[in-house]
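Topology and contacts: notes
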Number of protein chains: 2
Amino acid sequence: MLPSGMNLDSYRVMPGQSVQLADWNTNDDGGLGKKEGVGRLADLGERLATLQERLYAENKQALLIVLQARDAGGKDGTVKTVIGAFNPNGVRISNFKVPTEEERAHDFLWRIHAQAPRTGMVGVFNRSHYEDVLVTRVHRLIDEETARRRLEHIHAFEALLSDAGTRIVKFYLHISPEEQKGRLQARLDNPAKHWKFNVGDLEERALWPEYTSAYEAALTTSTTQAPWFVIPADRKWFRNLLVSEILVKTLEEMNPQFPQTSFDAGTIHIE
Amino acid sequence: MLPSGMNLDSYRVMPGQSVQLADWNTNDDGGLGKKEGVGRLADLGERLATLQERLYAENKQALLIVLQARDAGGKDGTVKTVIGAFNPNGVRISNFKVPTEEERAHDFLWRIHAQAPRTGMVGVFNRSHYEDVLVTRVHRLIDEETARRRLEHIHAFEALLSDAGTRIVKFYLHISPEEQKGRLQARLDNPAKHWKFNVGDLEERALWPEYTSAYEAALTTSTTQAPWFVIPADRKWFRNLLVSEILVKTLEEMNPQFPQTSFDAGTIHIE
């Protein structure tokens, strides 16, 4: 597989970096054509499956993928296409919806922690603990001090998982307001997609600048062990390609190995 | 998509039917060639994905797929190929391993129940509550009366899920002793597959007739709402094809529908 030549670090939020999302492109194509990108995606999918088999066999590390985006930002599409390349036996996807009464009766990380991936597994958070500093903050369900404390708790929580062998990669799928409008309209125009449309999404859309501020604060939790990537997501093919590239690179860095066996294969006779 | 002409009911265990596994073919090809079968599998995969999207959107029913087999029987391969056709966002796979101390401190269905799929989802049990009347019975960890009671508990438990809208389909992947030998040997011969080989598998293999009896008893739990299918599984391509055919038929019978929307799409204007 040829190197893409993409500079993956240019999409990464560095520890301590202050992010102004207005400065981050939503429509990047990495200098590639769509045809080239889609072809490369197939290769990356095979590479992901190969690396995942080693992760599963090794059974010492875990990979946690956090997906955050505005409505219609492409979380589900990313799961379908990128995560779909993995062997489903080694993947667990957690969809975090509005907390139940039981969940609300605990600290905000209680339900999250219960879904942390075990060794050998790829865990995917489709929405995550970051909702607790996004939607709640925008709607003023928590005050600014609580939001600040929560970001500290998230930092500590992710360090806990990291110390136990879980690599965390966090993606913010970054779309423009125009792209969101087009995607929401497409849902309205297609009866088979009506079920994906919520009237409430329009209220959230009206809070675009407030969400921008909340995301910019959330992105400050980028660390070496649990980095945030801002993924230009107006082009679905480029979003899928870039997320796949970053996951391949991450798994290569984790470098999982087939375990040593405790038997001598040559001496075993199967009756 | 052309009908396959396969009589799926010929692989189904009828309620009350007594099964002698020796009478069930392990090497069937359904009268198809491999090339034809593999081509057809791709069509079925698309059909599965389409039906699953409706199940997810409807959010009223669930599908629970139970996979049981002897070692190297093809559970993982079935998950990878057949379940891999679904959108991973709507699938949850539960691998039941040796129970933990906490799990053993509860009734045998406690950990199983916790993994039951919610509405809209496809749940896959890779091994299941049936292990509690298989491995435990063969190794005489439970007596015959306990095994008989457990089968009754399983029957009641599956009826509970069924009444709540969960369709259950149970597959026994049926391989011959010769096929198992070949597959275990292949794991020994390939260093990249050593991690899949357990010396303990040979001890289980030596108990082949005891497992046959235990499976035959487990298959008596076949009901209209939670049927068992005995899948000829010596040929991987045919196993994948037949399981896919049965899942398509099951989902078609469930007939999930996109939900009615509570809005009039024509009147909504996106700012």
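Residues numbered from 1 in each chain as written. Chains lettered and ligands numbered in written order. Predicted model: local features only at pLDDT ≥ 70, side-chain atom pairs only at ≥ 80, totals over all residues. Heavy atoms only, no water.

1. Describing the environment of A:Tyr211
Take A:Tyr211: it is sitting in helix α9 (residues 208–218). With residues near it in sequence (within four places) discarded, A:Tyr211 still touches A:Arg70, A:Leu134, A:Val135, A:Val138, A:His139 and A:Glu204. (Helix = DSSP H or I, 4+ residues; strand = E, 2+ residues; numbered from the N terminus. Contact = heavy atoms within 4.5 Å.)

2. Examining the interface of chain B and chain A
Each partner contributes residues to the interface: chain B has 39 residues there, and chain A has 39 residues. Summed over both partners, the interface of chain B with chain A comes to about 3600 Å²; 62% of that surface belongs to carbon and sulfur atoms. In this assembly, chain B and chain A are joined by two salt bridges. The residue A:Lys193 makes a salt bridge to B:Glu53 at a minimum N-O spacing of 3.1 Å. (Buried area = accessible area lost by both parts, 1.4 Å probe. Salt bridge = Lys/Arg side-chain N within 4 Å of Asp/Glu carboxyl O.)

3. A few points about the sheet that holds strand β5 (residues 166–174) of chain A
The pairing of strands in a sheet happens through backbone hydrogen bonds and is either parallel or antiparallel. Residues and elements named next belong to chain A. Pairing in this open sheet of six strands is mixed, and the strands run β1-β6-β5-β2-β4-β3 from one edge to the other. In this open sheet, the two strands that pair with only one neighbour each are β1 (12–13) and β3 (91–95). Across five bridges, the pairing between strand β2 (residues 62–69) and strand β4 (residues 122–126) is parallel. Bridge pairing in β4 places Leu63 opposite Val122. (Pairing = 2+ DSSP bridges.)

4. Considering the packing of aromatic side chains
In this structure the tally under the stated criterion is 16 aromatic pairs over all chains. Ring plane angle 65° and centroid distance 5.2 Å describe the contact between A:Phe263 and B:Phe197, whose orientation is recorded as edge-to-face. Of this pair, A:Phe263 sits in the segment after α10 (236–254) while B:Phe197 sits in the loop between α7 (177–189) and α8 (200–206), placing the two residues on different chains. Members of the aromatic cluster, connected to one another through ring pairs, are A:Tyr11, A:Trp237 and A:Phe238. (Phe/Tyr/Trp six-rings, centres within 6.5 Å; stacked < 30°, edge-to-face > 60°.)

5. A look at the pairing of strand β2 (residues 62–69) of chain B
Residues and elements named next belong to chain B. Of all the eight residues making up β2, eight are buried; the element is thus mostly covered by neighbouring parts of the structure. Residues of β2 alternate between two faces, with Ala62, Leu64, Val66 and Gln68 on one and Leu63, Ile65, Leu67 and Ala69 on the opposite face, all of them buried. As judged from the eight bridges shared by β2 and strand β5 (residues 166–174), these two strands associate in the parallel manner. Looking at β5, one finds that Ile65 is bridged to Val169. (Buried < 20%, exposed > 50% of the residue type's maximum accessible area, 1.4 Å probe, protein only.)

6. Some thoughts on the pairing of strand β6 (residues 228–232) of chain A
Residue and element names in this part refer to chain A. Of all five residues making up β6, five are buried, and the element is well covered by its neighbours. Burial along β6 is two-sided: the face carrying Trp228, Val230 and Pro232 and the face carrying Phe229 and Ile231 are both buried. Where β5 and β6 come together, five bridges link them in parallel fashion. When the sheet's bridge partners are listed, Lys170 is paired in β6 with Trp228.

7. Quick word on the UniProt feature "domain: Polyphosphate kinase-2-related" (unreviewed entry) in chain A
Under the present numbering, the feature "domain: Polyphosphate kinase-2-related" (unreviewed entry) in UniProt falls on residues 34–258 of chain A. Strand forms 14% of residues 34–258 of chain A and helix 51%; the C-alpha atoms that close the span are 35 Å apart. (UniProt positions renumbered as here; feature names shortened; annotations may be inferred.)

8. What to know about the packing of helix α1 (residues 34–58) of chain A against α10(A)
Residue and element names in this part refer to chain A. Look at α1 against α10: their axes get within 9 Å of each other, and the N-to-C directions meet at 30°. Here α1 lies roughly parallel to α10, going by the angle between them. Where α1 crosses over α10, the two elements pack in a sense that is left-handed. Each of Lys34, Gly37, Val38, Arg40, Leu41, Leu44, Arg47, Leu48, Leu51 and Leu55 in α1 lies in contact with α10, whose residues at this interface are Trp237, Asn240, Leu241, Ser244, Glu245, Leu247, Val248, Leu251, Glu252 and Met254. Residue classes in the contact of α1 with α10 are distributed as 12 nonpolar, three polar and five charged. (Axes fitted to C-alpha atoms, helices over the stretch in contact; angles between N-to-C directions. Parallel < 35°, antiparallel > 145°, perpendicular 65-115°, else oblique. Left-handed = near helix turned anticlockwise from the far one by under 90°. Nonpolar A, V, L, I, M, F, W, Y, C, P; charged D, E, K, R; others polar.)

9. Comments concerning the sheet that holds strand β6 (residues 228–232) of chain B
Residue and element names in this part refer to chain B. Spatially, six strands are ordered β1-β6-β5-β2-β4-β3 in an open sheet, and the strand pairing comes out mixed. Of all the strands in the sheet, just β1 (12–13) and β3 (91–95) have a single pairing partner and so form its edges. Where β1 lies against β6, two bridges are found, and the strand directions are antiparallel. In the strand pairing of β6, Val13 is matched with Trp228.

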